[in-house]
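Structural features, examined
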Amino acid sequence: QVHLVESGGGLVQAGGSLRLSCAASGRTFSNYIMGWFLQAPEKEREFLAVVSRSGGITYYADSVKGRFTISRDNAKNTVYLQMNSLKPEDTAIYYCAASSTPYPSRSQRDYNYWGQGTQVTVSS
């Protein structure tokens, strides 16, 4: 089992920044691909970003490329999502997730463990 806890969400004005953290406990953190997803009100949960086990490979959804950065610190068992130039349409619940697949995946079906989510609200 891997237990994931997100933090860092909150209310921010458009154009501002937030950094989300996701702390993992349980099995060896560095064994897992880590991803961030979001779920906006009345919408399906969707992929945002993923980072490889070493942190050397990252993929992003087109909507956040150039604005968001995913990173991880395996010594701290934590994955981060730095969010800059936030827009009102970024308002959502943000989830981190862990995957045991051999490659960084954008598919929710490949993720075994999920956090409870953290709310991000961007005001205009």
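These remarks concern the structure in this document. (Residues numbered from 1 in each chain as written. Predicted model: local features only at pLDDT ≥ 70, side-chain atom pairs only at ≥ 80, totals over all residues. Heavy atoms only, no water.)

**Here we look at the nonpolar core**
Threshold: Residues belong to a common nonpolar core when they are buried Ala, Val, Leu, Ile, Met, Phe, Trp, Tyr or Cys residues joined through side-chain atoms within 4.5 Å. Three exposure classes are used, based on accessible area relative to the maximum for each residue type with a 1.4 Å probe and protein chains only: buried under 20%, partly exposed in between, and exposed over 50%. Pairs of residues are marked as contacts when any of their non-hydrogen atoms sit within 4.5 Å.
Counting residues in each nonpolar core, the largest one holds 38 residues, and the members touching the most others are W36, L81 and Y94. Residue contacts for L81: discarding those within four places in its chain leaves L18, R19, L20, W36, L48, A49, F68, T69, I70 and Y94.

**Focus: the sheet that holds strand β7 (residues 68–73)**
Test applied: When DSSP finds two or more bridges between two strands, those strands count as paired. Strands are runs of DSSP state E lasting at least 2 residues, helices are runs of H or I lasting at least 4, and numbering of each runs from the N terminus. Every angle, taken between N-to-C directions, lies between 0 and 180 degrees, and every axis is a line fitted to C-alpha atoms, over only the stretch in contact when it is a helix.
Pairing is antiparallel across the open sheet formed by four strands, whose spatial order is β1-β3-β8-β7. Of all the strands in the sheet, the pair left with one neighbour each is β1 (2–7) and β7. Across the sheet, the mean angle separating the axes of adjacent strands is 15° when strand polarity is ignored. Note: β7 against strand β8 (residues 78–83), six bridges, orientation antiparallel.

**Focus on the side chain of D90**
This is how it is decided: Think of a polar contact as two N or O atoms within 3.5 Å of one another; within protein, one of them needs to be a possible hydrogen donor and the other a possible acceptor, and neighboring residues in sequence only count if both atoms come from side chains.
Its location among the elements puts D90 in the loop between β8 and β9 (92–99). D90 gets classed as buried once you look at its relative accessible area, which sits at 6%. Of note is the side chain of D90, whose polar atom sits 2.8 Å from the side chain of R67. With sequence-adjacent residues up to four places away left out, D90 is seen in contact with R67, F68, S85, V120 and V122.

**Some words on the side chain of S99**
Among the structural elements, S99 can be located in strand β9. Note on S99: relative accessible area 0%, which makes it buried. Here T101 takes part through its side chain, which lies 2.8 Å from a polar atom of the side chain of S99. Within the local environment of S99, its side chain forms a polar contact with the backbone oxygen of D110, the two atoms lying 2.7 Å apart. Filtering out sequence-adjacent residues up to four positions away, S99 remains in contact with N31, Y32, I33, R53, D110, Y111 and N112.

This is a description of form; function is not addressed.
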